[in-house]
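The primary structure of each chain is shown beneath.
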Amino acid sequence: MKKAFAALLVALLCCIFAVTAVGCSETQTAAPSLALLNESAVAYSEGGTQFSLDVRSEGLQGTITYDVIPQVDGITVDESGTVRIAAEVADGTVFTVRARSGDTAAQITFTYGTVPAADESGVSVRFVKESANDVTVQLPADFGSALAEVYDNYGNKLPSYRYTLNGTRLTVGGSYLATLGGQSFLTVKSGGNTFRINLEEFDKTVSTVEEFLAIGQDTASLARSYLLTADLDFYEYCQSNAMPQIGSYSDSGTSALTGTIDGNGHVLRNITISYGGDGGLFGHIAANGVVRNLGIADSSFTCTGNFGGTFAGYVKGTIENCFVRSSTLHGNLASGFMGKEDTAKRIANCYTEITADGSIAGAFAYYCKTEMQNCFASVTTSTPFTADERNGDVSTCAVLDAAGMRAASTWAAYPTDVFRIEEGSLPAFAEGGEGTQTQLTILSSETQSGSFRVAVGFDRGYAPVTFSLTTDTAGVSIDPVTGVVTVTAAAGTSFTVRAACGALTTEKTFTVAAA
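As a starting point, this report considers the structure included with it.

1. Considering unusual backbone geometry
If a residue is not glycine, its phi is most likely negative; likewise, a peptide bond is most likely trans. With an omega of -20°, the peptide bond between Ile69 and Pro70 qualifies as cis. Positionally, Pro70 belongs in the loop between strand E5 (65-68) and strand E6 (75-77). A positive phi angle, near 55°, is found at Asn270, a position not held by glycine. Along the chain, the position of Asn270 falls in the loop between strand E22 (260-269) and strand E23 (272-275). Looking at Asn270, the relative accessible area reads 2%, which means it is buried. Unlike most non-glycine residues, Asn293 shows phi in positive territory, near 55°. Secondary-structure assignment places Asn293 in strand E25 (residues 290-297). The class for Asn293 is buried, based on a relative accessible area of 9%.

Shown next as structure tokens:
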């Protein structure tokens, strides 16, 4: 009896341990699972794009592999789960990506297309890598109703330590932004709403004459990106120094601007520069070089060779939203704004109004090979818009008189976020300093041995100035726009020049010195 009871007890204990073991085993081993959590819409980009798959897995025994099913030309996914879409893939392409591990698989179908404007709003912000400043953006009011999530331009969700959200104010850390490079964007999603933050990165800011002059001193400086933060007056520098070009072009060799200079609505003033053929302040702008939102005023250009310009010489890149005004051009076969447009990427929304002498080639450019858009010129000598069109399209461009240059209708196509358009005035930068000056000074020396241009300075910003003589003086005349004084009077003759800018006026008396 005792033996039978012992055997029964042993059997019962074995059952208990077996059930416990089975139960523990079932608790510790979960069924394998795999999921792809990305949004199904991928924003279109002309240059192609890439993004990382958001993978969630549990209980997998092997590695995860990825493929595109069926295969689509130009779309690949690598072993890390990074999807790459080439530039040639068309807007609207639909494709499916599959993730597998053993017998477990998951897939998601993407639409590569432009996000509809109705579903997305946004802003553009500038970020300077040199300072690694944080960027703060005010989100729309309806973003405060749900927890916002931030994604990079590859579709990766940013960890929360990369940004802070205070109500509808989003701040993204500068140390993180500095790692992105070039043109990037962030997408904020909240409660079904989408808000895009376009980021334009610059290497350096430029706020002094010295910092501007450093551009072009070596190849590396020509490849960087710059953002101007102030108007710059070169009068003192040019009194004792030769103003250098930024980049140059010649048969014997070239150095070209390959980076970006964004004037940010600022103006360079009182430049005196001399250069050879195919020259200009920006002597050579390469195919990937960009100059935009920059003005030049109250300056003097001398081209000692053929086919130069004022703003630029030889251009294959981009110039947009730029101007030259209240300036003079001397030279042989030079042009009012640029020399040669040689299959440039974009020349748009630029104008020039100058006084010219010598043999002028084109009012705006020597030749155009591709297209110029909404560019206008007014030059004191009679000349066509381009001397040689080279089959380029200049149908939206024109040579105008002073009245045409000051008609608001002329500038109807100009972006109003960049330019301020007013009847009776040349376009001015919308964010520029016109109208903010409190002091106007004539800078030119009191003794002049011949004809000269009256240089003026402001306490801040830039604004157009008109010039006149306080009394008529024999042998002396002045251009009211450019301030160029023509002198044929004898030595010892004195005359007084008045400069006016709005309510500001100033005068200075000059004496003609012996030649």
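2. Examining the nonpolar core
Core analysis: the biggest nonpolar cluster contains 54 residues, and Phe282, Phe311, Phe364 and Met372 have the highest contact counts within it. Of all the elements, strand E28 (residues 318-334) adds the most residues to this core, at five residues. Counting residues in hydrophobic clusters, the runner-up holds 22 residues, among them Val454, Val456, Ala463 and Val497.

3. Concerning the layout of surface pockets
The space that makes up the second largest pocket amounts to roughly 410 Å³. Elements represented by at least two residues in the lining of the second largest pocket include exactly helix H5 (235-240), E28, strand E30 (346-356) and strand E40 (452-453). A per-class count over the lining of the second largest pocket returns seven nonpolar, 11 polar and two charged.

4. Some remarks on the environment of Ser451
Following the sequence through the fold, Ser451 ends up in the loop between strand E39 (447-448) and E40. Residues Ser451 and Val484, 33 residues apart in the sequence, show an inter-C-alpha distance of 7.4 Å. Excluding its chain neighbours within four sequence positions, the residues that come into contact with Ser451 are Val485, Thr486 and Val487. Of the polar contacts made by the side chain of Ser451, one reaches the backbone nitrogen of Val487; its length is 3.1 Å.

5. Here's the deal with the sheet that holds strand E29 (residues 338-341)
On the basis of which strands lie adjacent, the open sheet formed by five strands has the order E24-E27-E29-E32-E34 and parallel pairing. Taken across any chain shown, the strands that pair with only one partner, and hence form the sheet edges, are strand E24 (282-285) and strand E34 (386-388). Across this sheet, the average inter-strand angle for adjacent strands is 20°, counted without regard to direction. As paired elements, E24 and strand E27 (residues 312-315) share three bridges and run parallel to each other. When the sheet's bridge partners are listed, His284 is paired in E27 with Tyr314.

6. A look at the pattern of salt bridges
Within the structure shown, the criterion is met by 19 salt bridges. Across the pair Lys157 and Glu149 runs a salt bridge, and its minimum N-O distance is 3.0 Å. Measuring nitrogen to oxygen at the nearest pair gives 2.9 Å for the salt bridge that ties Asp233 to Arg269. Remark: Arg269 occurs in strand E22 and Asp233 occurs in strand E19 (residues 232-233); sequence separation between them is 36 residues. For Arg269, a relative accessible area of 3% gives the class buried.

7. With respect to the environment of Ser425
Following the sequence through the fold, Ser425 ends up in the loop between strand E36 (419-420) and strand E37 (428-429). Residues Ser425 and Pro464, 39 residues apart in the sequence, show an inter-C-alpha distance of 9.5 Å. Leave out the neighbours within four places in its chain, and Ser425 touches Met405, Arg406 and Trp411.

8. As for the packing of aromatic side chains
All told, the structure shown has 19 aromatic pairs when counted by the stated rule. Geometrically, the ring pair formed by Phe307 and Tyr366 is stacked, given 4.2 Å between the ring centres and 25° between the ring planes. With Phe307 in the loop between strand E26 (300-303) and E27 and Tyr366 in strand E32 (residues 365-368), this pair connects stretches of sequence that are 59 residues apart. Here Tyr366 falls in the buried class, since its relative accessible area comes to 16%. Taken together, Phe323, Tyr351, Phe376, Trp411, Tyr414, Phe419 and Phe429 form an aromatic cluster joined through their ring pairs. The lysine or arginine in question, Arg196, covers the ring of Phe185, its NZ or CZ lying 3.6 Å from the ring centre.

Procedures and definitions
Residues numbered from 1 in each chain as written. Predicted model: local features only at pLDDT ≥ 70, side-chain atom pairs only at ≥ 80, totals over all residues. Heavy atoms only, no water. Helix = DSSP H or I, 4+ residues; strand = E, 2+ residues; numbered from the N terminus. Buried < 20%, exposed > 50% of the residue type's maximum accessible area, 1.4 Å probe, protein only. Core = buried A, V, L, I, M, F, W, Y, C linked by side-chain atoms within 4.5 Å. 1 Å grid on protein atoms, 1.4 Å probe; cavity = no way out; pocket = protein on both sides within 12 Å on 5 of 7 lines; lining within 4 Å. Points joined across faces, edges and corners; volume = space filled by probe spheres on them. Nonpolar A, V, L, I, M, F, W, Y, C, P; charged D, E, K, R; others polar. Contact = heavy atoms within 4.5 Å. Polar contact = N/O pair within 3.5 Å; in protein donor to acceptor, adjacent residues only side chain to side chain. Pairing = 2+ DSSP bridges. Axes fitted to C-alpha atoms, helices over the stretch in contact; angles between N-to-C directions. Salt bridge = Lys/Arg side-chain N within 4 Å of Asp/Glu carboxyl O. Phe/Tyr/Trp six-rings, centres within 6.5 Å; stacked < 30°, edge-to-face > 60°. Lys NZ or Arg CZ within 6 Å of the ring centre and 35° of its normal.

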